[in-house]
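Chain by chain, the residues:
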Amino acid sequence: MNRDRGMNREQRPIALITGVGRRRSIGATLALALAEEGWDLALNYWTPYNERLGLERDADAPAAVAEECRALGAVVELLPGDLADPEVPAALIGDAADRLGPLTGLVMSHCESVDSALLDTGLESWDRHFAVNARASWLLIKAFADRLPVLDEPGRAEARIVALTSDHVAYNLPYGASKGALDRIVIAAATELADRGVRANVINPGPVDTGWMSDEVRAWCLRETAAGRLGTAQDTANLVRFLFSDAGSWINGQLLHSDGGFKIG
């Protein structure tokens, strides 16, 4: 479906969101939140990842999320793609812009996350975690920024980047280490891309049960959370909604912990 650019359609901002493969995912909730805020959306997903990890899912989840967003008035394009492939990030940005128009939003909620410890992590797993969590994020940001003009008016921030991270490292080494690299990439973007009107931030939402928690893990996370409840995908979506708004325009280059005081160590 191509974007309707008729005279009666108001120009709407456009964002690419990665990691929208399951209805319970944070990415799906982010998509609905931005649709409510008036954004048109390109939604990336990669079903083989969910199948490989055995995560609970609905077979038609990406299409169902897209329809919910359309019901809120958004124009939506679905863009499957494996972010472990170095050609995919730029292709996603290009396809999204070709189908919808110039992008001014990028939300990276994709990840590779397979538990392993320092002594038993294999090279293939290490490389895949860094390819998906760090390299693909850098390439997405690069392709996004390459399409933004250098501004004549410094300080005018109209483009937004938000990435989701984690500080869980022990017994989850390649995931945590690659997410640490992601943090630095996004924080660098906040400074290096300021002349293109970009503000870029990282959110650490803490443990959010999107279908991966066992009863034991859920109980432990609850005990360790000062807020007295687990975080939800909607909590994260509310923060992204704020960061994408004009009210959040002064927040830039930050790693934000929105985890209810979750203690990890």
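Anything mentioned here points back to the structure above.
A quick note: this is a predicted structure, and the numbers were derived from the prediction, not measured. Throughout, residues of each chain are indexed from 1 in the direction in which the sequence is written. Only residues with pLDDT of at least 70 get local features here, since the model is predicted, and only at 80 or more are side-chain atom pairs given and counted; chain-wide, interface and lining totals rely on the full set of residues. Side-chain figures throughout are based on the complete set of non-hydrogen atoms in the structure, without hydrogens or water.

A look at the packing of helix 4 (residues 88-100) against helix 5 (residues 123-146)
When two helices pack together, their arrangement is given by the angle between the helix axes and by the axis-to-axis distance.
Here comes step 1: Two numbers describe how helix 4 lies on helix 5: the axes approach to 8 Å, and their chain directions differ by 35°. Of the two elements, helix 4 crosses helix 5, and the hand of that crossing is right-handed. Here Pro89, Ala90, Leu92 and Ile93 of helix 4 come into contact with helix 5, specifically with Ala136, Leu139, Leu140, Ala143 and Phe144. Note on method: axes are straight lines fitted to C-alpha atoms, helices fitted across the in-contact stretch only, with angles between N-to-C directions ranging 0 to 180 degrees. Helical segments are the DSSP runs of H or I of at least four residues, strand segments are the runs of E of at least two, and each set is numbered from the N terminus. Here a crossing is taken to be left-handed if its near helix is turned anticlockwise relative to the far helix by less than a right angle, and right-handed if that turn runs clockwise. Any two residues having at least one pair of non-hydrogen atoms within 4.5 Å are treated as being in contact.

What to know about the pairing of strand 1 (residues 14-18)
Here comes step 1: Residue burial is assigned from relative accessible area. The probe radius is 1.4 Å, only protein chains are included, and a residue is buried under 20% of its type maximum, exposed over 50%, and partly exposed in between. Within strand 1, five of the five residues are buried, leaving the element largely enclosed by the surrounding structure.
Here comes step 2: Of the two faces of strand 1, the one lined by Ile14, Leu16 and Thr18 and the one lined by Ala15 and Ile17 are each fully buried.
Here comes step 3: By the convention used here, strands pair only if DSSP detects at least 2 bridges between them. Two strands pair when backbone bridges link them, and strand 1 and strand 2 (residues 40-45) are joined in this way by four bridges, in the parallel orientation. When the bridges of strand 2 are listed, Ile17 appears paired with Leu43.
Here comes step 4: Following the chain from strand 1 across helix 1 (residues 26-36) to the adjacent parallel strand 2, one finds a crossover that is right-handed. Crossover handedness is defined here as right-handed if the route from the first strand over the helix to the second strand goes clockwise, with the strands pointing away from the viewer.

A short note on the packing of helix 5 against helix 6 (residues 173-192)
Here comes step 1: Orientation of helix 5 relative to helix 6, taken along the N-to-C sense of each, is 15°, at an axis distance of 8 Å. Taken together, the axes of helix 5 and helix 6 lie roughly parallel to each other. In this structure, the crossing between helix 5 and helix 6 has a hand that is right-handed. Of helix 6, the residues touching helix 5 (which contributes Ser125, Trp126, His129, Phe130, Asn133, Ala134, Ser137, Trp138 and Ile141) are Leu173, Pro174, Tyr175, Ala177, Ser178, Ala181, Leu182, Ile185, Val186 and Ala189. For classification purposes, an angle smaller than 35 degrees is called roughly parallel, one larger than 145 roughly antiparallel, one from 65 to 115 roughly perpendicular, and anything else oblique.

Details of the environment of Leu78
Here comes step 1: Here Leu78 lies in strand 3 (residues 76-80).
Here comes step 2: For the pair Leu78 and Ala96, spaced 18 residues apart in sequence, the C-alpha separation works out to 8.9 Å.
Here comes step 3: Sequence-distant contacts of Leu78, that is, excluding residues within four places in its chain, are made with Leu43, Tyr45, Pro62, Ala63, Ala66 and Arg99.

With respect to the packing of aromatic side chains
Here comes step 1: Any two of the Phe, Tyr and Trp rings considered here, Trp counted by its six-membered ring, make a pair once their centres fall within 6.5 Å; the pair's planes then place it as stacked at under 30 degrees, edge-to-face at over 60, or tilted in between. This structure, assessed with the given rule, holds two aromatic pairs.
Here comes step 2: Ring geometry for Trp39 against Phe244: centres 5.0 Å apart, planes inclined by 55°, an arrangement best described as tilted. Of this pair, Trp39 sits in the loop between helix 1 and strand 2 while Phe244 sits in the loop between helix 8 (233-243) and strand 7 (255-257); the two residues are 205 residues apart in sequence, bridging distant segments of the chain.

Focus on helix 6
Here comes step 1: Taking 1.5 Å per residue, 20 residues should reach 28 Å; helix 6 reaches 29 Å between its end C-alpha atoms and fits that length.
Here comes step 2: Check the buried side of helix 6 and you find it contacts strand 4 (105-108), helix 5, strand 5 (159-164), strand 6 (198-204) and strand 7. The length a helix should cover is 1.5 Å for every residue beyond the first.

Digging into the pattern of salt bridges
Here comes step 1: Whenever a carboxyl oxygen of Asp or Glu lies within 4 Å of a side-chain nitrogen of Lys or Arg, that contact is scored as a salt bridge. By the definition in use, this model includes 11 salt bridges.
Here comes step 2: When the shortest N-O distance is used, the salt bridge between Asp40 and Arg12 registers 2.7 Å. Of this pair, Asp40 sits in strand 2 while Arg12 sits in the segment before strand 1, and the two are 28 residues apart along the sequence.
Here comes step 3: A salt bridge links Glu68 to Arg23; the shortest N-O distance between them is 2.9 Å. Placement of the pair is Glu68 in helix 3 (residues 61-71) and Arg23 in the loop between strand 1 and helix 1, with a sequence separation of 45 residues.
Here comes step 4: What makes Glu68 partly exposed here is its relative accessible area of 32%.

Remember, this is a structural readout, not a statement about activity or role.
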